[in-house]
Amino acid sequence: DSGVTQTPKHLITATGQRVTLRCSPRSGDLSVYWYQQSLDQGLQFLIQYYNGEERAKGNILERFSAQQFPDLHSELNLSSLELGDSALYFCASSVGGTYGTEAFFGQGTRLTVV
Amino acid sequence: GENVEQHPSTLSVQEGDSAVIKCTYSDSASNYFPWYKQELGKRPQLIIDIRSNVGEKKDQRIAVTLNKTAKHFSLHITETQPEDSAVYFCAASGSDFGNEKLTFGTGTRLTIIP
(Lines give C-alpha, C1' and ligand atoms only; values in the text may rest on other atoms or scores of the structure.)
Protein backbone atom coordinates (compact mmCIF):
# COMPACT_ATOMS: atom_id res chain seq x y z
CA ASP A 1 0.00 0.00 0.00
CA SER A 2 1.54 3.31 -1.15
CA GLY A 3 -0.60 5.47 1.14
CA VAL A 4 -2.15 7.26 -1.86
CA THR A 5 -5.89 6.60 -2.14
CA GLN A 6 -7.90 6.98 -5.33
CA THR A 7 -11.65 6.63 -5.75
CA PRO A 8 -13.49 5.19 -7.47
CA LYS A 9 -11.50 2.18 -8.64
CA HIS A 10 -13.66 1.65 -11.72
CA LEU A 11 -15.97 4.00 -13.57
CA ILE A 12 -18.15 3.27 -16.59
CA THR A 13 -19.96 6.18 -18.20
CA ALA A 14 -21.42 7.29 -21.51
CA THR A 15 -20.01 9.68 -24.05
CA GLY A 16 -20.77 13.31 -23.33
CA GLN A 17 -20.95 12.79 -19.58
CA ARG A 18 -18.83 14.32 -16.83
CA VAL A 19 -16.99 12.47 -14.06
CA THR A 20 -14.88 13.37 -11.05
CA LEU A 21 -11.91 11.33 -9.90
CA ARG A 22 -10.63 11.78 -6.36
CA CYS A 23 -7.18 11.41 -4.84
CA SER A 24 -5.97 11.58 -1.25
CA PRO A 25 -2.17 11.96 -1.03
CA ARG A 26 0.13 10.30 1.49
CA SER A 27 0.20 11.99 4.86
CA GLY A 28 2.69 14.87 4.72
CA ASP A 29 2.88 15.06 0.93
CA LEU A 30 2.07 18.48 -0.53
CA SER A 31 2.38 17.69 -4.24
CA VAL A 32 -0.21 15.80 -6.24
CA TYR A 33 0.31 14.71 -9.85
CA TRP A 34 -2.23 13.31 -12.29
CA TYR A 35 -1.22 10.92 -15.07
CA GLN A 36 -3.20 9.25 -17.85
CA GLN A 37 -2.29 5.77 -19.11
CA SER A 38 -4.15 4.52 -22.17
CA LEU A 39 -4.17 0.81 -23.02
CA ASP A 40 -0.63 -0.50 -23.38
CA GLN A 41 0.73 3.04 -23.36
CA GLY A 42 3.05 5.08 -21.22
CA LEU A 43 2.30 7.51 -18.44
CA GLN A 44 1.26 10.92 -19.77
CA PHE A 45 1.55 13.80 -17.31
CA LEU A 46 -1.60 15.87 -17.02
CA ILE A 47 -1.18 18.35 -14.16
CA GLN A 48 0.55 18.98 -10.82
CA TYR A 49 -0.65 20.81 -7.73
CA TYR A 50 1.51 21.86 -4.81
CA ASN A 51 -0.11 22.94 -1.55
CA GLY A 52 -3.29 24.04 -3.30
CA GLU A 53 -1.71 25.84 -6.23
CA GLU A 54 -1.25 24.66 -9.82
CA ARG A 55 2.46 24.01 -10.31
CA ALA A 56 2.88 22.45 -13.76
CA LYS A 57 0.66 21.54 -16.66
CA GLY A 58 1.15 18.87 -19.28
CA ASN A 59 -0.92 18.00 -22.32
CA ILE A 60 -4.19 18.26 -20.45
CA LEU A 61 -7.27 18.74 -22.61
CA GLU A 62 -9.42 21.82 -22.09
CA ARG A 63 -12.30 19.46 -21.23
CA PHE A 64 -10.28 18.31 -18.21
CA SER A 65 -9.69 20.34 -15.06
CA ALA A 66 -8.33 19.70 -11.60
CA GLN A 67 -7.99 21.29 -8.21
CA GLN A 68 -6.37 20.65 -4.87
CA PHE A 69 -8.33 21.46 -1.75
CA PRO A 70 -7.13 22.87 1.60
CA ASP A 71 -7.00 19.35 3.07
CA LEU A 72 -4.65 18.52 0.13
CA HIS A 73 -6.91 16.00 -1.56
CA SER A 74 -7.28 16.55 -5.28
CA GLU A 75 -10.00 16.03 -7.84
CA LEU A 76 -9.71 15.57 -11.59
CA ASN A 77 -12.82 16.55 -13.54
CA LEU A 78 -13.35 15.11 -17.00
CA SER A 79 -16.23 16.51 -19.07
CA SER A 80 -17.80 15.96 -22.49
CA LEU A 81 -16.27 12.51 -22.38
CA GLU A 82 -15.23 10.78 -25.59
CA LEU A 83 -14.45 7.13 -26.27
CA GLY A 84 -10.75 8.03 -26.47
CA ASP A 85 -10.77 9.22 -22.87
CA SER A 86 -11.03 5.61 -21.72
CA ALA A 87 -7.83 5.00 -19.75
CA LEU A 88 -6.29 4.38 -16.37
CA TYR A 89 -5.93 7.63 -14.45
CA PHE A 90 -3.26 7.65 -11.78
CA CYS A 91 -2.65 10.08 -9.02
CA ALA A 92 0.77 10.30 -7.40
CA SER A 93 1.98 12.30 -4.45
CA SER A 94 5.33 13.49 -3.17
CA VAL A 95 6.69 15.82 -0.54
CA GLY A 96 7.40 18.30 -3.33
CA GLY A 97 9.17 21.62 -3.10
CA THR A 98 12.91 21.31 -2.74
CA TYR A 99 12.78 18.09 -0.75
CA GLY A 100 12.98 15.75 -3.70
CA THR A 101 10.40 14.31 -5.97
CA GLU A 102 10.12 10.65 -4.93
CA ALA A 103 6.56 9.97 -6.00
CA PHE A 104 4.16 7.23 -4.92
CA PHE A 105 1.21 6.19 -7.02
CA GLY A 106 -2.34 5.35 -6.09
CA GLN A 107 -3.99 2.22 -7.48
CA GLY A 108 -5.62 4.20 -10.27
CA THR A 109 -9.14 4.77 -11.56
CA ARG A 110 -10.05 2.77 -14.64
CA LEU A 111 -12.40 4.90 -16.73
CA THR A 112 -14.41 3.26 -19.49
CA VAL A 113 -16.43 5.52 -21.79
CA VAL A 114 -19.10 3.68 -23.77
CA GLY B 1 10.41 20.54 -21.65
CA GLU B 2 12.03 17.27 -20.67
CA ASN B 3 12.01 14.35 -23.09
CA VAL B 4 12.95 10.83 -22.00
CA GLU B 5 13.68 8.06 -24.48
CA GLN B 6 13.75 4.42 -23.38
CA HIS B 7 15.09 1.29 -25.11
CA PRO B 8 14.32 -1.44 -25.81
CA SER B 9 10.53 -1.48 -25.87
CA THR B 10 10.47 -5.24 -25.32
CA LEU B 11 13.09 -7.54 -23.81
CA SER B 12 13.07 -11.28 -23.27
CA VAL B 13 15.78 -12.96 -21.21
CA GLN B 14 16.34 -16.44 -19.85
CA GLU B 15 15.76 -16.88 -16.16
CA GLY B 16 19.03 -16.29 -14.34
CA ASP B 17 20.48 -14.02 -17.02
CA SER B 18 20.85 -10.24 -16.73
CA ALA B 19 18.62 -7.55 -18.21
CA VAL B 20 19.62 -4.00 -19.10
CA ILE B 21 17.26 -1.14 -19.95
CA LYS B 22 18.60 2.21 -21.14
CA CYS B 23 17.23 5.74 -21.04
CA THR B 24 18.37 9.14 -22.22
CA TYR B 25 17.05 12.52 -21.12
CA SER B 26 17.23 15.95 -22.68
CA ASP B 27 17.05 18.53 -19.88
CA SER B 28 20.40 19.10 -18.15
CA ALA B 29 18.48 20.56 -15.17
CA SER B 30 17.00 17.13 -14.36
CA ASN B 31 18.58 15.73 -11.21
CA TYR B 32 16.40 12.84 -10.09
CA PHE B 33 16.00 9.56 -12.00
CA PRO B 34 13.65 6.89 -10.64
CA TRP B 35 12.69 3.53 -12.09
CA TYR B 36 9.20 2.11 -11.72
CA LYS B 37 7.91 -1.42 -12.19
CA GLN B 38 4.32 -1.89 -13.30
CA GLU B 39 2.53 -5.22 -13.34
CA LEU B 40 -0.55 -5.63 -15.50
CA GLY B 41 -3.41 -3.45 -14.25
CA LYS B 42 -1.48 -2.36 -11.17
CA ARG B 43 0.07 0.88 -10.01
CA PRO B 44 3.66 1.81 -10.96
CA GLN B 45 5.92 0.98 -8.03
CA LEU B 46 9.22 2.68 -7.34
CA ILE B 47 12.02 0.09 -7.34
CA ILE B 48 15.16 2.21 -7.31
CA ASP B 49 16.19 5.80 -7.88
CA ILE B 50 19.35 7.83 -8.30
CA ARG B 51 20.20 11.49 -7.91
CA SER B 52 22.59 13.45 -10.07
CA ASN B 53 25.33 13.62 -7.45
CA VAL B 54 25.73 9.83 -7.58
CA GLY B 55 27.03 7.69 -10.45
CA GLU B 56 25.75 4.30 -9.37
CA LYS B 57 23.37 2.78 -6.84
CA LYS B 58 22.69 -0.86 -6.05
CA ASP B 59 19.93 -2.66 -4.17
CA GLN B 60 20.35 -6.43 -4.12
CA ARG B 61 19.81 -7.64 -7.72
CA ILE B 62 18.97 -4.19 -9.06
CA ALA B 63 21.41 -1.43 -9.94
CA VAL B 64 21.15 1.91 -11.69
CA THR B 65 23.96 3.86 -13.34
CA LEU B 66 23.95 7.51 -14.37
CA ASN B 67 26.18 9.34 -16.85
CA LYS B 68 25.36 13.03 -16.50
CA THR B 69 27.67 14.09 -19.31
CA ALA B 70 25.95 11.81 -21.79
CA LYS B 71 22.51 12.35 -20.16
CA HIS B 72 22.12 8.62 -19.98
CA PHE B 73 20.99 6.24 -17.23
CA SER B 74 20.44 2.51 -17.13
CA LEU B 75 18.72 -0.18 -15.07
CA HIS B 76 20.51 -3.48 -14.54
CA ILE B 77 18.74 -6.54 -13.17
CA THR B 78 20.93 -9.55 -12.41
CA GLU B 79 19.92 -13.19 -11.77
CA THR B 80 16.48 -12.53 -13.24
CA GLN B 81 13.48 -14.39 -11.85
CA PRO B 82 9.97 -14.98 -13.27
CA GLU B 83 8.55 -12.36 -10.89
CA ASP B 84 10.72 -9.74 -12.60
CA SER B 85 8.40 -9.96 -15.63
CA ALA B 86 6.64 -6.59 -15.86
CA VAL B 87 6.79 -3.24 -17.63
CA TYR B 88 9.60 -0.99 -16.44
CA PHE B 89 9.52 2.79 -16.78
CA CYS B 90 12.38 5.20 -16.36
CA ALA B 91 11.69 8.82 -15.47
CA ALA B 92 13.44 12.13 -14.94
CA SER B 93 12.63 15.26 -12.98
CA GLY B 94 14.23 18.38 -11.59
CA SER B 95 13.76 20.25 -8.34
CA ASP B 96 13.12 23.71 -9.70
CA PHE B 97 9.67 25.28 -9.50
CA GLY B 98 7.47 23.73 -12.17
CA ASN B 99 10.07 21.11 -13.07
CA GLU B 100 9.35 18.59 -10.32
CA LYS B 101 7.00 16.46 -12.35
CA LEU B 102 8.21 13.06 -13.48
CA THR B 103 8.59 12.71 -17.24
CA PHE B 104 8.43 9.04 -18.11
CA GLY B 105 10.01 6.98 -20.83
CA THR B 106 7.74 4.85 -23.00
CA GLY B 107 8.36 1.67 -21.02
CA THR B 108 10.09 -1.69 -21.52
CA ARG B 109 8.10 -4.91 -21.36
CA LEU B 110 10.46 -7.44 -19.74
CA THR B 111 9.65 -11.12 -20.07
CA ILE B 112 11.64 -13.70 -18.13
CA ILE B 113 11.67 -17.09 -19.87
CA PRO B 114 11.72 -19.98 -17.37
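Every value quoted in this text rests on a predicted model; they were computed, and no experiment measured them.

**Details of the nonpolar core**
Core analysis: the largest hydrophobic core is formed by 23 residues, its most contacted members being W35, F73, L75 and L110 of chain B. Among the secondary structure elements, those contributing two or more residues to this core are β2 (10-14), β3 (19-25), β4 (32-38), β5 (45-51), β7 (62-67), β8 (72-77), β9 (86-92) and β11 (108-113) of chain B. Excluding residues within four positions of it along the chain, L75 of chain B makes contact with A19, V20, I21, W35, I47, I48, I62, A63 and Y88 of chain B. Judged by nonpolar contacts, the second largest core, of 22 residues, contains I60, F64, L76 and L78 of chain A.

**Observations regarding the sheet that holds strand β3 (residues 19-24) of chain A**
Residue and element names in this part refer to chain A. The four strands lie next to each other as β1-β3-β8-β7, forming an open sheet whose pairing is antiparallel. The open sheet is flanked by β1 (5-7) and β7 (64-68), the only strands paired with a single partner. For this sheet, the mean inter-axis angle between neighbouring strands, taken without regard to orientation, is 15°. As judged from the three bridges shared by β1 and β3, these two strands associate in the antiparallel manner. From the neighbouring strand, T5 faces β3, where its bridge partner is S24.

**Observations regarding the pairing of strand β2 (residues 10-13) of chain A**
All names here are of chain A. Across the two faces of β2 the burial differs, with L11 and T13 buried and H10 and I12 not buried at all. Pairing analysis gives four bridges linking β2 to strand β11 (residues 109-113), with the strands arranged parallel. From the neighbouring strand, L11 faces β11, where its bridge partner is L111.

**Side note on the state of the cysteines**
Residue and element names in this part refer to chain B. Applying the stated criterion to the full structure yields two disulfides over all chains. Disulfide pairing is shown between C23 and C90; the S-S distance is 2.0 Å. Its S-S torsion of about -100° marks the bond between C23 and C90 as left-handed, since a negative value means left-handed. On the criterion of sequence distance, the pair formed by C23 in strand β3 and C90 in strand β9 is long-range, its members being 67 residues apart. What makes C23 buried here is its relative accessible area of 1%. A residue is classified by how much of its surface remains accessible, and C90, at 0% relative accessible area, is buried.

Calculation criteria
Residues numbered from 1 in each chain as written. Chains lettered and ligands numbered in written order. Predicted model: local features only at pLDDT ≥ 70, side-chain atom pairs only at ≥ 80, totals over all residues. Heavy atoms only, no water. Core = buried A, V, L, I, M, F, W, Y, C linked by side-chain atoms within 4.5 Å. Buried < 20%, exposed > 50% of the residue type's maximum accessible area, 1.4 Å probe, protein only. Helix = DSSP H or I, 4+ residues; strand = E, 2+ residues; numbered from the N terminus. Contact = heavy atoms within 4.5 Å. Pairing = 2+ DSSP bridges. Axes fitted to C-alpha atoms, helices over the stretch in contact; angles between N-to-C directions. Disulfide = S-S within 2.5 Å.

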